[in-house]
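Chain and residue survey
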Amino acid sequence: MNDQLRIRMKGHLGGQLSRFREQVGLSQRGRLDDDWDEEFGERELRSKQEGHVKLTLWRYADDDWMIALTYERDSLPSDEAEALRRNILDAAAAAGMTVTAQSPTQTFQ
């Protein structure tokens with residue numbers, strides 16, 4: 001999979017996790033009280049047969065989150081990716097998260 005967009009966020013989603021996932025259209029995955037859970041939601045934007053494109057929410061620590069838009073063959077058209085990016089930023093702001101980094105090409109650790 002190739003990266004098209006990554007957004008790193010700081011803050012405690014806690015009670016806002018369901019709302020954030022709903023605003024961004026992510027499935028429900030992971031449990032906040034489980035230290036081992038890292039993946040907290042996913043949304044398939046293009047099927048595997050069409051060249052898989054998906055959006056995934058990851059947690060690295062209680063207050064360290066990252067959402068990634070990845071693709072297998074062809075990336076999303078730039079206008080769709082930009083609309084998705086704005087939606088993610090709006091959802092993050094509504095949840096009280098602080099965006100610490102965004103990149104269309106850089107991989108965050």
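Above this text is the structure in question.
Residues numbered from 1 in each chain as written. Predicted model: local features only at pLDDT ≥ 70, side-chain atom pairs only at ≥ 80, totals over all residues. Heavy atoms only, no water.

What sets the pattern is the α-helix's 3.6 residues per turn: residues three or four places apart point alike. Among the residues of helix 1 (residues 17–24), those classed as buried are Leu17, Phe20, Arg21 and Val24. Angularly, the buried residues of helix 1 cover 95° about the axis, an arc narrow enough to put them on a single face. In this structure, the buried side of helix 1 is in contact with strand 1 (2–10), strand 2 (39–46), strand 3 (53–61), strand 4 (64–71) and helix 2 (78–94). Among the residues trailing helix 1, Gly25 stands out with phi positive, at a value near 80°. (Buried < 20%, exposed > 50% of the residue type's maximum accessible area, 1.4 Å probe, protein only. Helix = DSSP H or I, 4+ residues; strand = E, 2+ residues; numbered from the N terminus. Arc of directions from axis to C-beta. Contact = heavy atoms within 4.5 Å.)

Among the structural elements, Thr70 can be located in strand 4. Beyond its immediate stretch of four places on either side in the chain, Thr70 contacts Met1, Asn2, Asp3, Gln4, His52, Val53 and Lys54.

Spatial ordering of the open sheet is given by 2-3-4-1-5, a layout of five strands whose pairing is antiparallel. Taken across any chain shown, the strands that pair with only one partner, and hence form the sheet edges, are strand 2 and strand 5 (98–103). Each strand of the sheet is rotated relative to its neighbour by a mean of 15°, with strand direction disregarded. Here strand 1 runs beside strand 5; their pairing, made up of five bridges, is antiparallel. What sits directly across from Arg6, in strand 5, is Ser103. (Pairing = 2+ DSSP bridges. Axes fitted to C-alpha atoms, helices over the stretch in contact; angles between N-to-C directions.)

A separate point is the pattern of salt bridges. Pairs can form between side chains of opposite charge whenever their charged atoms are close. Evaluated as defined, the whole model comprises nine salt bridges. Here Arg6 ties to Asp3 by a salt bridge, and the two come within 2.9 Å at their closest N and O atoms. For Arg6, a relative accessible area of 13% puts it in the buried group. With a shortest N-O distance of 4.0 Å, Glu72 and Lys48 are connected by a salt bridge. Of this pair, Glu72 sits in the loop between strand 4 and helix 2 while Lys48 sits in the loop between strand 2 and strand 3; the two residues are 24 residues apart in sequence, bridging distant segments of the chain. (Salt bridge = Lys/Arg side-chain N within 4 Å of Asp/Glu carboxyl O.)

Successive side chains on a regular strand alternate, one facing one side of the sheet and the next facing the other. Note: strand 2 against strand 3, six bridges, orientation antiparallel. The partner of Gly41 across the bridge, within strand 3, is Leu57. Linking strand 2 back to strand 3 in an antiparallel pair, the connection comprises six residues, with Gly51 at a positive phi of about 105°.

At a minimum axis separation of 9 Å, helix 1 and helix 2 run at an interaxial angle of 160°. In terms of orientation, helix 1 and helix 2 fall into the roughly antiparallel class. For the element pair helix 1 and helix 2, the recorded crossing hand is right-handed. Facing helix 1, whose interface residues are Arg19, Phe20, Gln23 and Val24, helix 2 presents Asn87, Ile88, Ala91, Ala92 and Ala94. The residue inventory of the contact of helix 1 with helix 2, partitioned by class, reads six nonpolar, two polar and one charged. (Parallel < 35°, antiparallel > 145°, perpendicular 65-115°, else oblique. Left-handed = near helix turned anticlockwise from the far one by under 90°. Nonpolar A, V, L, I, M, F, W, Y, C, P; charged D, E, K, R; others polar.)

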